[in-house]
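Structure at a glance
The primary structure of each chain is shown beneath.
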Amino acid sequence: MRHMLILGGGTGGTIMANKLASALDERDWRITVVDETEEHYYQPGFLFVPFGTYRMHELVKPRRQYFPGRIKFVLSAIDHIEPENKTVILAGGDALRYDVLIIATGADIHPEQTEGLLDEEWGKSKFDFYTPKGAERLAQFFKTWQGGKLVLSVTEMPIKCPVAPLEFLFLADAYFTKRGMRDKVDLRLVTPLSGAFTKPMSSRVLGEFLDRKGISVTPDFDLGRVDSKEKKLVAWDETEVSYDALVSIPTNMGNACIARSSMGNELNFVPTNKETLQAEGLEDVFVIGDATNLPSSKAGSVAHFESEILFQNILEHIEGRPPVAHFDGHANCFIESGFGKGLLIDFNYETEPLPGEFPLPAVGPFSLLQESPINHYGKMMFRWVYWNLLLRGLELPIEAEMSMAGKRVQ
Amino acid sequence: METLSVAGKPIELDSDGHLAHRADWTENVARELAVQEGISDLTPQHWAVINFMRSVFEKEGDAPSIRRLTKESGVDTKTLYQLFPKGPAKRAAKIAGLPKPKGCI
Ligand SMILES: Cc1cc2nc3c(=O)[nH]c(=O)nc-3n(C[C@H](O)[C@H](O)[C@H](O)COP(=O)(O)OP(=O)(O)OC[C@H]3O[C@@H](n4cnc5c(N)ncnc54)[C@H](O)[C@@H]3O)c2cc1C
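Once a new chain begins, its residue numbering starts again from 1 and follows that chain's sequence as written. Labels are handed out in written order, letters beginning with A for the chains and numbers beginning with 1 for the ligands. Residue-level local features of this predicted model are given only where pLDDT is at least 70; pairs of side-chain atoms are given and counted only at 80 or more, and the full residue set underlies all totals for whole chains, interfaces and linings. No hydrogens and no water enter the side-chain calculation; it runs on all heavy atoms of the structure.

1. As for the overall build of chain B
The helix and strand labels rest on DSSP assignments: H or I over at least four residues marks a helix, E over at least two residues marks a strand, and numbering proceeds from the N terminus. Scanning chain B from terminus to terminus reveals five helices and two strands. Along chain B, helices and strands appear, N-terminal first, in the series β-β-α-α-α-α-α. Here the C-alpha atoms of chain B give a radius of gyration of 13 Å, agreeing with the 13 Å that 2.2 N^0.38 yields for 105 residues. When the backbone C-alpha atoms are referred to their principal axes, chain B occupies close to 40 × 30 × 20 Å. Going through the 105 residues of chain B one by one, you find that 47% of them count as buried. Here, residues are in contact when the closest pair of their heavy atoms is within 4.5 Å. For chain B, the share of sequence-separated contacts (at least 6 apart) that also reach a separation of at least 24 residues comes to 48%. Note that accessible areas follow from Shrake-Rupley with a 1.4 Å probe, and for residues the cover is restricted to the protein chains shown. When the accessible area of chain B is evaluated, it comes to approximately 5,400 Å², of which 49% is carbon and sulfur surface. With 15 positive and 14 negative side-chain charges, chain B shows a separation of 6 Å between the mean positions of the two kinds. Each radius of gyration reported is based on C-alpha atoms, and the globular scaling rule is 2.2 Å times the count of residues to the power 0.38. Burial classes: relative accessible area under 20% of the type maximum marks a residue as buried, over 50% as exposed, and values in between as partly exposed (1.4 Å probe, protein chains only). For the purpose of counting charges, residues Lys and Arg are taken to be positive, whereas Asp and Glu are taken to be negative. His and the chain ends are not included. Where a charge lies is defined by one atom per residue type, namely NZ (Lys), CZ (Arg), CG (Asp) and CD (Glu).

Take a look at the structure:
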């Protein structure tokens, strides 16, 4: 009996468990998933919690419910991986041997990495919305906030869902407008990037959006420390931005179990072959989702596209053949822009987000890099798609490989 | 096509203002690129960072992040920003003759 071991039962781990459960013969393969919690959160929903659109209990389901019957679920923290022994050591000391390992341990925020960010003001005048608790505290805070300077600060790249900071500001603009106090709120994005986003075309379009909505941008700001008393951000070059309320996207890092295994880079992300999705130098270790160091977005849609490549390559690998499927870095992200509208971007390693139309049988077309109500419905529909299709490893009507259909090349 | 003139010889630059051909890099080219970035004198500490950047690129095909620089080059973040004001990762990569760091999306 061979053993397929999946570390992490979030988006990527659950998709792979479902795909492999129906493909691997039960007489030959055992499949185990390890995760330290019972709750599976729909993370894209966190964005809406501060504005009261969703409550946290609407975004969580029991993790086990999404694993097919033959999967063994182990509820435990992972201590470390010993690739040379093909073994994973759990927090209690138990050892699990594997034939094939899938690392799907994701990424989390680390406010303690920035001087002065995590102190007694955390949760009072400084917030995050990347954790359930953080998003709920922010919802509570906004209810009675009288207005002032609201600064969204991105500490360093890469971050999960790199459009989330922009969406947060668009939604904040709509929220405070509806509450009749937009004139009392000063919205600002402070980012280490040179503009609103990474790639030229989308950076320009999204920059214009921020401008039109009266949201200011401080680009090229490398955050060195936060001064909670004076309520200001201080960059490494000593430039400063002051705030009344700070919404921080702290440093995102891979899980500490990766560092304990000496398998990560400086942010605990696992060096991964960007095409085959194998861990560099380790044939029987595959990596999916936010845990990788790939130059693609850290997003659920990316984990989904990766899963199709990973699935093919694992099937090749266990037959003793080299992996043939190649990931192209495909990402597909709805961007909520407020007032019931949204944008959509579709891109990969080589092609930046372009304007045009995104054809989708039965539902589409969605408009690319352009605001429309249908994109907003796409975003809201994604929650249903996530629980009912995506996690179950079912086909979505979007190909893993990016298509140029409908895109306008300038 | 933009060029940089070093000792009367034109050297080709890419659209980001970085060297178009990595093979064109010499210490003199580095000094000229540094001047363009407003750094008139390259100290031994500058060179330590530049050489570290080059060795990482040689091995891995991309320039290291600031976090990696401070962790492995032995120069702390504060000092890095003093050596290469306004974005050490980007500036040191340019002076080291490397393409603009890919960064992430
Ligand atoms: C605010 C926000 C908005 C987002 N919006 C979008 C969006 O609109 N669209 C989109 O596509 N994506 C979005 N994302 C990103 C998306 O949620 C993630 O990219 C996706 O969930 C990554 O899946 P994963 O499997 O890599 O990691 P995860 O789903 O995070 O799973 C990792 C799992 O590993 C477990 N684990 C880690 N370490 C250990 C350990 N040592 N021991 C035991 N278990 C461990 C964790 O408990 C967790 O369950 C958003 C994310 C956030 C935070």
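There is more to say, and it comes next.
2. Regarding the nonpolar core
Here, the term nonpolar core denotes a set of buried Ala, Val, Leu, Ile, Met, Phe, Trp, Tyr and Cys residues that are joined through side-chain atoms within 4.5 Å. Grouped together as the largest cluster of nonpolar side chains are 105 residues, with contacts concentrated most on A:F129, A:F142 and A:L150. Top element by residues in this core is helix α3 (residues 164-178) of chain A. It accounts for nine residues. The residues contacting A:F142, other than those within four sequence positions of it, are A:P50, A:F51, A:L150, A:F168, A:Y175, A:F176 and A:R179. In terms of nonpolar packing, the next biggest core, distinct from the first, is built from 33 residues, B:L42, B:F57, B:L83 and B:F84 among them.

3. Points about the interface of chain B and chain A
Between chain B and chain A, the contact holds 13 residues from the first and 22 residues from the second. Reported buried area values correspond to the accessible surface (1.4 Å probe) lost by two parts on association, with both partners' losses combined. Both sides together, the interface formed by chain B and chain A hides about 1,600 Å², and carbon and sulfur atoms give 54% of it. A carboxyl oxygen of Asp or Glu within 4 Å of a side-chain nitrogen of Lys or Arg is what we treat as a salt bridge. Connecting chain B to chain A are three salt bridges. One salt bridge connects A:E238 with B:K78, and the closest N-O pair in it is separated by 2.3 Å. Under this definition, polar contacts are N or O atom pairs within 3.5 Å; protein pairs additionally need one hydrogen-donor-capable and one acceptor-capable atom, and for neighbouring residues in sequence, both atoms have to be side-chain atoms. At the surface where chain B touches chain A, the tally comes to six residue pairs in polar contact (both at pLDDT 80 or more). Of all the secondary-structure elements, those providing two or more residues to the side of chain B that touches chain A are α3 (66-72) and α4 (77-83) of chain B. By residue number, the principal contributor to the side of chain B that touches chain A is α3(B), which donates four residues. Under the grouping applied here, Gly and all other residues not named as nonpolar or charged are polar, the nonpolar ones being Ala, Val, Leu, Ile, Met, Phe, Trp, Tyr, Cys and Pro and the charged ones Asp, Glu, Lys and Arg. Classifying every residue of the side of chain B that touches chain A gives four nonpolar, three polar and six charged.

4. A word on the sheet that holds strand β6 (residues 78-82) of chain A
Residues and elements named next belong to chain A. Strand pairing follows a simple DSSP-based rule, namely that at least 2 bridges must link the two strands. Read from one edge to the other, the open sheet built from three strands follows the order β6-β7-β8, with strand pairing classed as antiparallel. Edge positions in the sheet fall to β6 and β8 (95-97), since each has one partner strand and no second. Neighbouring strand axes in the sheet, compared pairwise and without regard to direction, differ in orientation by 20° on average. The axes are straight lines fitted to the C-alpha atoms, using for helices just the contacting stretch, and the angles between their N-to-C directions are given from 0 to 180°.

5. With respect to the domain arrangement of chain A
Residue and element names in this part refer to chain A. Marked domain ranges trace back to an automatic or database domain assignment. Along its sequence, chain A is organised into domain 1 (2-106 + 255-318), domain 2 (111-251) and domain 3 (331-390). Placing the centre of domain 1 and that of domain 3 at their C-alpha centroids yields a distance of 26 Å. Listed as interface residues are 23 residues of domain 1 and, on the opposing side, 13 residues of domain 3. Buried surface at the junction of domain 1 and domain 3, both sides included, amounts to about 1,700 Å², of which 68% is carbon and sulfur. The largest share of the area that domain 1 buries against domain 3 comes from Y42, F48 and Y54, three residues that together contribute 30% of it. Summed over the shared surface of domain 1 and domain 3, the result is zero salt bridges. Seen at the junction of domain 1 and domain 3, the total is six residue pairs in polar contact (both at pLDDT 80 or more). Looking at the side of domain 1 that touches domain 3, the elements that each hand over two or more residues are α1 (11-23), β3 (39-41) and α6 (300-318).

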